[in-house]
Amino acid sequence: MGEFFFEKHKVKVLLFVFFLSPIYTYILYKPAISNFLLLDDEPNLSSLSLLDNPDVSLLDVSLTNESGPLLRPISVLSFIVSYNFSKDDYSYYKFFNLLIHIANSFLLYLVLVKLCNLLDIKKAYVVSVISSVIWMIHPLHLSGIMYVVQRMNLLSTFFMLMALLYYLYYVENKSFGFLKLLIVGVLVLFAVLSKENGLVIIPVVLFLELISVKQRNIEWSCLLRREGFVVLLFFVICGGVGLVIGWDYFTIYSYKYKSFDYVQRLMTQINVVFGYLCNVVFPLERNLGLFFDNYTIVNNFLDDKQVLIKFLIFVLISVLSFKNKVVLFGWFFYLISISMESSVFALEMYFEHRNYFPSIGIIFIMVYSLSNLDNRIGFYILVICYIFFLSLVCATRAYAWSSLDSFTIKEYERNPQSPRAISYMTNYYLRRNNHDMALKTLNSMMYHKRYLAGYIINVVGIDCDYKKNIVKKELIGSLDFSSSQQYMYLLTAIESLTKLQLKKKCNKDIVNYMLNRIDIDGRALDYRGMPLRLAELYLSMNDIKKYMYYLEVAYERQVGFNKIFIGLKYVQSLIINGHTQQAREVMLEIESYSMSKFGIFSGLINEFKKELNNVES
């Protein structure tokens, strides 16, 4: 009956998917389309202001992002479009993110229709429409859409779905060739240049090739001669070889500044992925959030026996999934898609936006399984109730994201032990000039030794703003910073102190003593971005000597395209302080480096050369 209805009213169903669902989604998300940034939004978007300089080109800015090894230029170009449209009104950035999400939902519908046909699912339109609508309004995705820089994830998903759609189209029409493979390859490349996890589409499609052999009446010997299969297999093998070659880097060097190793991360990810799955299937608002930076680390299976039970559950589901090809595809679609960010790579433990693309597999299984119920009325009642439940949770989350204050309060209520939540709540009280509550909130971080350095810098910041002499050398001298390994928080604390220092001058002796106690010139100085942040801090303190020292260190240690931009800052400081000969030498290094990197910032370099020539003449 359901399939008959969809076949008879196919046009109406499509109109619902393409018009009513996006409007409904916009209504749900509208409160969250607000003008504030979070976490690494600001550092990722800061280079956009360079576009106001006529000597800086689009290419210059598009290659300055350092979030990933491939610089993610496609995503940066999309931010450039947003910047030219709305400058610093970040609500437009979020609205643009929502439009991409809606476009992804349309693509998902088209992909699922072809996928259902490939896997011989009779209720193709029922499963495709309901799955795409559920995915569109799912509350788990809200943080990945309203967290501005996660546009990288949205764009990567867009191109992955496009690649999958084209691939399924070619499979359906049995018309493969070099040109058509090239189009799919270009789409995969665009996905990777948006965010590196776009690579997961390759093993996903390869797995689809393997499980759909029977449906397409292809002999295994013929499969090995198919161009598409061979190309996919080649890239998967290359990825495996690359992982083996870079194993020491991925599992040792990249964990240098983490408080856990890759074995602990792998074990902890069992808990993490289990939690992800619970939130995909039944998302409760209290379990959804952005701050999970205090996630409990699993040291071994004996520490948390639930980890072993969850692992066995995963194994059991994997084995049982082989009984049904649709469940098999959906389950391994999820596992393959989540694998890149839930494996040995030294990323943070938990971020719910990592489920954006993988959740398609689980939602597909859920809807397909329900569609096989004999009671059609019961099926539709269940679907309507589930959509209503998702809408309620999504609307509640959207309201919490309506302002920085409401977001902060909700995150702190949900996870008051999170250092990020503590930091945000501290700033919430500071914005209200409630220094006592700010200090009381921040004090809860003092007993976490690995966050101690960031804690004390934030306390110095409050002291600077409060002018009550809270911080004394005796207090700093009594603290043990030997376990302060969370340099990410230290970096953020220094940025906050710099902003305060620019408005209200702090006690320079206290700041210098504190930085010496933390051993900022030791291991901490090797952390990416630390020398530049210290240079900015000392510039705010009018300590030009230390500013130039740390700027030079930042220039020497920086790699990638930002080396040029930092180098030009260093040249400018040398010119201002009369070191023209040294400025000329650095300028030659920068110019040579620029030529080896596509001539990036060549216009800006020429302007600096003119300025240097004028000073010398």
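Structure first, text after, so check above.
Residues numbered from 1 in each chain as written. Predicted model: local features only at pLDDT ≥ 70, side-chain atom pairs only at ≥ 80, totals over all residues. Heavy atoms only, no water.

Draft legend 1. Structural detail: unusual backbone geometry. Phi is positive for Asp120, which is not a glycine, with a value near 60°. Its identity as a non-glycine residue notwithstanding, Asn542 has a phi of 60°, on the positive side. Mapped onto the elements of the fold, Asn542 is located in the loop between α27 (530-540) and α28 (544-557). On the basis of relative accessible area, Asn542 is assigned to the exposed category, the value being 55%. (Helix = DSSP H or I, 4+ residues; strand = E, 2+ residues; numbered from the N terminus. Buried < 20%, exposed > 50% of the residue type's maximum accessible area, 1.4 Å probe, protein only.)

Draft legend 2. Molecular detail of a nonpolar patch on the surface. Residues Tyr166, Leu179, Leu182, Ile183, Val186, Leu189 and Phe190 make up a contiguous nonpolar surface patch of about 570 Å² in total accessible area. Here the element with the most residues in the nonpolar patch is helix α10 (residues 178-194); it accounts for six residues. Structurally, Val186 is set in helix α10. (Patch = residues over 30% accessible without salt bridge, like charges linked within 9 Å, V, L, I, M, F, W, Y side chains within 5 Å. Areas by Shrake-Rupley, 256 points an atom, 1.4 Å probe, with all protein chains shown as cover. Salt bridge = Lys/Arg side-chain N within 4 Å of Asp/Glu carboxyl O.)

Draft legend 3. Quick peek at the packing of aromatic side chains. Summed over the entire model, instances satisfying the criterion amount to 29 aromatic pairs. Ring geometry for Phe291 versus Tyr424: centroids 5.0 Å apart, planes at 55°, classification tilted. Of this pair, Phe291 sits in the loop between α15 (262-281) and α16 (305-320) while Tyr424 sits in helix α21 (residues 419-431), and the two are 133 residues apart along the sequence. Its relative accessible area of 0% is what places Phe291 among the buried residues. Overall, the relative accessible area of 18% leaves Tyr424 in the buried class. Between Tyr295 and Tyr350, the aromatic rings sit 5.5 Å apart at their centres with planes inclined by 25°, giving stacked as the arrangement. Residue Tyr295 is located in the loop between α15 and α16, and its partner Tyr350 is located in the loop between α17 (325-339) and α18 (359-371); the two are separated by 55 residues in the primary sequence. The class of Tyr295 is partly exposed, set by a relative accessible area of 22%. Owing to a relative accessible area of 4%, Tyr350 belongs among the buried residues under this scheme. Through successive ring pairs, a cluster of aromatic residues spans Phe36, Phe291, Trp401, Phe407 and Tyr424. Over the aromatic face of Phe292 sits the side chain of Arg414, whose NZ or CZ is 4.4 Å from the ring centroid. (Phe/Tyr/Trp six-rings, centres within 6.5 Å; stacked < 30°, edge-to-face > 60°. Lys NZ or Arg CZ within 6 Å of the ring centre and 35° of its normal.)

Draft legend 4. Region of the structure containing helix α31 (residues 602-616). Its 15 residues give α31 an end-to-end C-alpha distance of 21 Å, which sits within 8% of 21 Å, the value for a rise of 1.5 Å per residue. Those residues of α31 that sit buried are Leu604, Ile605, Phe608 and Leu612. Within α31, the buried residues cover an arc of 100° as seen down the axis, which keeps them to one side. On its buried face, α31 is in contact with α29 (562-576) and α30 (580-595). (Expected span 1.5 Å × (residues − 1). Arc of directions from axis to C-beta. Contact = heavy atoms within 4.5 Å.)

Draft legend 5. Structural view of the nonpolar core. Among the nonpolar cores identified, the biggest contains 113 residues, and Ile201, Phe329, Phe364 and Trp401 are the most heavily contacted of them. Ranked by size, the runner-up nonpolar core spans 83 residues in total, among them Leu50, Ile422, Ile457 and Leu537. (Core = buried A, V, L, I, M, F, W, Y, C linked by side-chain atoms within 4.5 Å.)

Draft legend 6. Region of the structure containing the packing of helix α20 (residues 404-414) against α21. Relative to each other, α20 and α21 sit at 135°, their axes nearing to 9 Å. It follows from the interaxial angle that α20 and α21 lie oblique. The chirality of how α20 crosses α21 is left-handed. Where α20 approaches α21, its residues Leu404, Asp405, Phe407, Thr408, Ile409, Glu411 and Tyr412 are matched on the opposing element by Ala421, Ile422, Tyr424, Met425, Tyr428 and Arg431. By residue class, the composition of the contact of α20 with α21 is nine nonpolar, one polar and three charged. (Axes fitted to C-alpha atoms, helices over the stretch in contact; angles between N-to-C directions. Parallel < 35°, antiparallel > 145°, perpendicular 65-115°, else oblique. Left-handed = near helix turned anticlockwise from the far one by under 90°. Nonpolar A, V, L, I, M, F, W, Y, C, P; charged D, E, K, R; others polar.)

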